[in-house]
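Residue-level structural notes
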Amino acid sequence: MTVTEIRPRFQDVSAKPAASSPNVLFRTRVAVRHELAPGFIRLTVQCPELTAMAWHGLDQRIKLFLPKGPRLPQEYHAGLSERDWKALWRAQPVETRPYLRTFTIADARPGIGEVDIDFFVDHAHGPASRFAQSASVGDELVFSGPLGALDHKRKGVQFVYSGHAEMLIAGDETAFPAMLGIHRQLPESVSAVFVVQAGSPELASWMGERLAGRQVQLLAEPRQMHEAATHWVNTAERTSAYAWFAAEHQVIGDLKRQFSVRHRRVQLQAQGYWNRRGRAALS
Ligand SMILES: Cc1cc2nc3c(=O)[nH]c(=O)nc-3n(C[C@H](O)[C@H](O)[C@H](O)COP(=O)(O)OP(=O)(O)OC[C@H]3O[C@@H](n4cnc5c(N)ncnc54)[C@H](O)[C@@H]3O)c2cc1C
C-alpha cells in the first residue's frame with residue numbers, strides 16, 4: 001500500500017455564483033494518491049474553490065474532464081457554469097474535446113477544500129482509470145460539481161430516503177463509493193440489506209468489512225444480483241420498501257424489467273454505472 005501526501009491549508013474562498021445551473025467547474029490538483037485495496041485507488045484532490053462546493057454525501061456524483069492532449073484548455077476555467085462548459089464542449093471537434101466520466105464523491109472536507117474520489121481500476125482501461133493509475137501529486141483534475149450557494153435541490157444525489165422501513169442497496173465495485181456514502185447516512189433503525197458484487201474474493205471481503213453493522217451479502221457474479229433481489233423482495237415485509245441498484249447497464253436493465261413487472265410496490269432507483277459493450281473510441 002503506498003501513500004504520497006501533501007496537504008496545504010487553504011483560506012475560505014467564496015466562488016462567484018454561476019448563472020443558472022448549480023454545477024460549475026472546479027480545477028483541482030491531486031494531493032494524495034492512495035491504494036485503498038487491490039484494484040481501488042483513492043485520489044484526494046484540492047483547490048480553494050472546493051470550500052464553496054455543495055456536499056450532501058450519499059451517492060453524490062460529479063463529472064470528470066479527462067483531456068485528450070497534455071492538459072485541459074484554459075477555456076475550461078474554474079467557476080465555468082454547466083451551461084457554458086457544455087456549449088464549449090459541444091463546439092469542440094470530437095478528436096480534441098475532453099472525455100467526460102461520472103464518479104462519486106467518496107468523501108469531502110469542504111472546510112479545507114478537499115474531495116476524495118475512489119476509482120475501481122481493475123478492468124480494460126479507459127481514460128479515467130488510466131488517469132487514476134498513473135496520477136502523481138500535483139496533477140490537475142477538473143470536474144463539474146454543485147456550488148453550495150446555488151444548489152437548493154441536492155443536484156447529483158439520487159438516493160432518496162423518505163422513511164422507508166426496508167431497503168435493499170445493491171451494486172458492484174463501481175457503485176461501492178456510493179454504497180458507503182449511503183451506509184454512513186442511513187439511520188441504523190432502517191432494516192437495510194447491502195448486496196455487494198465483486199469479481200475478486202479479496203476485494204469482496206474488503207468491501208464487506210467497510211459495511212460493518214449492516215446485513216451484507218457478497219456476490220461473485222453479476223447475474224446473482226437478480227437472484228438476490230428476488231430473494232429480498234420475497235422475504236421483506238414490503239409495507240414500505242425502497243431498492244437502490246447500480247452496476248453494469250445490462251444487469252440494471254434486467255433488474256428494472258423485473259421490478260416494473262413483478263415488484264411494483266417497491267420504490268426503485270436503478271442506474272447503469274458502466275457498459276460492458278464499451279464506448280465509441282473518442283467518447
Ligand atoms: C453516477 C455514477 C457514479 C459512478 N461512480 C464511480 C466511482 O465512484 N468509482 C468508480 O470506479 N466508478 C464509478 N462509476 C463508473 C465509471 O464511470 C465507469 O466505470 C467508467 O466507465 C470508467 O471510465 P474509464 O474511462 O475508466 O473507462 P471507459 O472508457 O468508460 O471504458 C473502458 C473499457 O472498460 C470497461 N469498463 C468500464 N468500467 C468497467 C468495470 N467496472 N468493470 C469492467 N469493465 C469496465 C468498458 O466496458 C470499456 O470496455 C460511476 C458511474 C456513474 C454513472
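Residues numbered from 1 in each chain as written. Predicted model: local features only at pLDDT ≥ 70, side-chain atom pairs only at ≥ 80, totals over all residues. Heavy atoms only, no water.

With respect to the site of the ligand
Lining the immediate environment of the ligand, one finds 23 residues, of which Thr102, Ala124, Ser129, Asn275 and Arg279 sit closest. Arginine 101 is positioned such that a nitrogen or oxygen atom in its side chain is 2.8 Å from an oxygen atom of the ligand. Proline 127 is positioned with one of its backbone polar atoms (N or O) 3.1 Å from an oxygen atom of the ligand. In isolation the ligand exposes 920 Å². Once the protein is present, 88% of that is buried. The element contributing the most residues to the shell around the ligand is strand E5 (residues 99-104), with 4 residues. (Near = heavy atom within 4 Å. Polar contact = N/O pair within 3.5 Å; in protein donor to acceptor, adjacent residues only side chain to side chain. Areas by Shrake-Rupley, 256 points an atom, 1.4 Å probe, with all protein chains shown as cover. Helix = DSSP H or I, 4+ residues; strand = E, 2+ residues; numbered from the N terminus.)

Looking at the domain arrangement of the chain
Think of interface size as the accessible area that goes away when the parts come together; that is how it is often given. Per the domain assignment, the segments of the chain are domain 1 (3-150) and domain 2 (166-274). Counting from both sides, the interface comprises 14 residues of domain 1 and, opposite them, 15 residues of domain 2. For domain 1, the biggest contributors to the area lost against domain 2 are Phe40, Leu58 and Phe120; these three give 38% of the whole. Linking domain 1 with domain 2 are 0 salt bridges, by the criterion used here. Between the two partners, domain 1 and domain 2, sit 5 residue pairs in polar contact (both at pLDDT 80 or more). Of all the secondary structure elements, the ones that give two or more residues to the side of domain 1 that touches domain 2 are strand E2 (23-37) and strand E7 (114-120). (Domains from an automatic or database assignment. Contact = heavy atoms within 4.5 Å. Buried area = accessible area lost by both parts, 1.4 Å probe. Salt bridge = Lys/Arg side-chain N within 4 Å of Asp/Glu carboxyl O.)

Here we look at the side chain of arginine 101
Structurally, the position occupied by arginine 101 is in strand E5. At 3.1 Å, the side chain of arginine 101 forms a polar contact with the backbone oxygen of serine 283. Residues contacting arginine 101, with those up to four places away along its chain left out, are Ile62, Lys63, Leu64, Leu66, Pro127, Ala128, Arg279 and Ser283.

A short note on the layout of surface pockets
To find leftover empty space, one rolls a probe the size of a water molecule over the atoms. By volume, the second largest pocket is sized at about 270 Å³. Forming the walls of the second largest pocket are 15 residues, and the residues nearest its centre are Pro67, Pro70, Arg71, Phe131 and Glu140. For the lining of the second largest pocket, the elements supplying multiple residues, two or more each, are strand E4 (61-66), helix H2 (127-134) and strand E8 (140-146). (1 Å grid on protein atoms, 1.4 Å probe; cavity = no way out; pocket = protein on both sides within 12 Å on 5 of 7 lines; lining within 4 Å. Points joined across faces, edges and corners; volume = space filled by probe spheres on them.)

Observations regarding the sheet that holds strand E12 (residues 241-248)
Taken together, 5 strands build an open sheet; the order of strands is E11-E10-E9-E12-E13 and the sheet is parallel. Only two strands of the sheet have a single neighbouring strand rather than two, namely strand E11 (215-219) and strand E13 (267-274). For this sheet the average axis-to-axis angle between neighbouring strands, irrespective of direction, equals 10°. In this sheet, E11 lies alongside strand E10 (residues 191-197) in parallel orientation, the contact comprising 5 bridges. Within E11, the residue paired with valine 196 across the bridge is leucine 218. Strand contacts of helix H4 (residues 201-209): E10 and E11, with the helix running at about 170° to E11, the strand carrying the most contacts. (Pairing = 2+ DSSP bridges. Axes fitted to C-alpha atoms, helices over the stretch in contact; angles between N-to-C directions.)

Focus on the environment of alanine 270
Within the secondary structure, alanine 270 is located in strand E13. Between the alpha carbons of alanine 270 and arginine 257 there is a distance of 11 Å; along the sequence they are 13 residues apart. In contact with alanine 270, other than residues within four places in its own chain, are Phe245, Ile252 and Lys256.

Some details on the pairing of E13
Walk down a regular strand and you will see the side chains alternate between the two sheet faces. Here 7 bridges tie E12 to E13, and the two strands are oriented parallel to one another. Within E13, the position partnered with alanine 246 by the bridge is glutamine 271. Remark: the E12/helix H6 (residues 249-262)/E13 crossover connection has right-handed handedness. (Right-handed = clockwise from strand over helix to strand, strands pointing away.)

Focus: the packing of helix H5 (residues 224-235) against H6
For the pair H5 and H6, interaxial distance at closest approach is 10 Å and the crossing angle is 25°. Put simply, H5 runs roughly parallel to H6. In the crossing of H5 with H6, the sense of the turn from one axis to the other is right-handed. Across the interface between the two elements, Met225, His226, Ala229, Thr230, Trp232 and Val233 from H5 touch Val251, Leu255, Gln258, Phe259 and Arg262 from H6. (Parallel < 35°, antiparallel > 145°, perpendicular 65-115°, else oblique. Left-handed = near helix turned anticlockwise from the far one by under 90°.)

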